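Chain residues, written in single-letter form:
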Amino acid sequence: MNKIALQDCARIFLCLRAGPMTVSEISKKLRINACRINQMIQQMERRGQVYSPRCTKGSNGNPVNLWEIHPSLKPSE
């Protein structure tokens, strides 16, 4: 993975520390194209860094994944 991709993953991970978000919400917050966020989220999911335990409804009524940090990577409380 190249340096920019690693930086994007780190930014997504930090963003998700605030709580579950959709790709669109992450995209708006980080000002990164939603397609790029989706690609990065898929890579992070394959590596076990994030997961989507539930969905919400998008603006058009379709289900949209809510992504969050994988429980094994969350800090102890």
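Whatever comes next refers back to the structure up there.
Residues numbered from 1 in each chain as written. Predicted model: local features only at pLDDT ≥ 70, side-chain atom pairs only at ≥ 80, totals over all residues. Heavy atoms only, no water.

Asker: Which residues make up the pairing of strand β1 (residues 50-57), and what are the values?
Answerer: Bridge count for β1 against strand β2 (residues 63-69) is 6 bridges, and the pairing is antiparallel. Bridging from a neighbouring strand, C55 pairs with N65 of β2. (Pairing = 2+ DSSP bridges. Helix = DSSP H or I, 4+ residues; strand = E, 2+ residues; numbered from the N terminus.)

Asker: Run through the packing of helix α2 (residues 23-30) against helix α3 (residues 34-46), naming residues and quoting values.
Answerer: Helices that pack against each other are described as a pair by the angle of their axes relative to one another and the distance between those axes. As a packed pair, α2 and α3 sit with axes 9 Å apart at the nearest point and diverge in direction by 115°. At the point where α2 passes α3, the crossing takes the right-handed sense. Taking contact as the criterion, the partners of V23, I26, S27 and L30 in α2 are, on α3, A34, I37, N38 and I41. Grouping the amino acids of the contact of α2 with α3 by side-chain chemistry returns 6 nonpolar, 2 polar and no charged. (Axes fitted to C-alpha atoms, helices over the stretch in contact; angles between N-to-C directions. Left-handed = near helix turned anticlockwise from the far one by under 90°. Contact = heavy atoms within 4.5 Å. Nonpolar A, V, L, I, M, F, W, Y, C, P; charged D, E, K, R; others polar.)

Asker: Would you mind going over the nonpolar core in detail, with residue names and values included?
Answerer: Within the largest apolar cluster, 17 residues are counted, with the highest numbers of intra-cluster contacts made by I12, L16, I26, L30, I37 and I41. Mapped onto this core, the elements with two or more residues apiece are α1 (3-16), α2, α3 and β2. Of all the elements, α1 adds the most residues to this core, at 5 residues. Every residue in contact with I26, bar those within four places of it in the chain, is listed here: I12, C15, L16, M21, R31, I37 and I41. (Core = buried A, V, L, I, M, F, W, Y, C linked by side-chain atoms within 4.5 Å. Buried < 20%, exposed > 50% of the residue type's maximum accessible area, 1.4 Å probe, protein only.)

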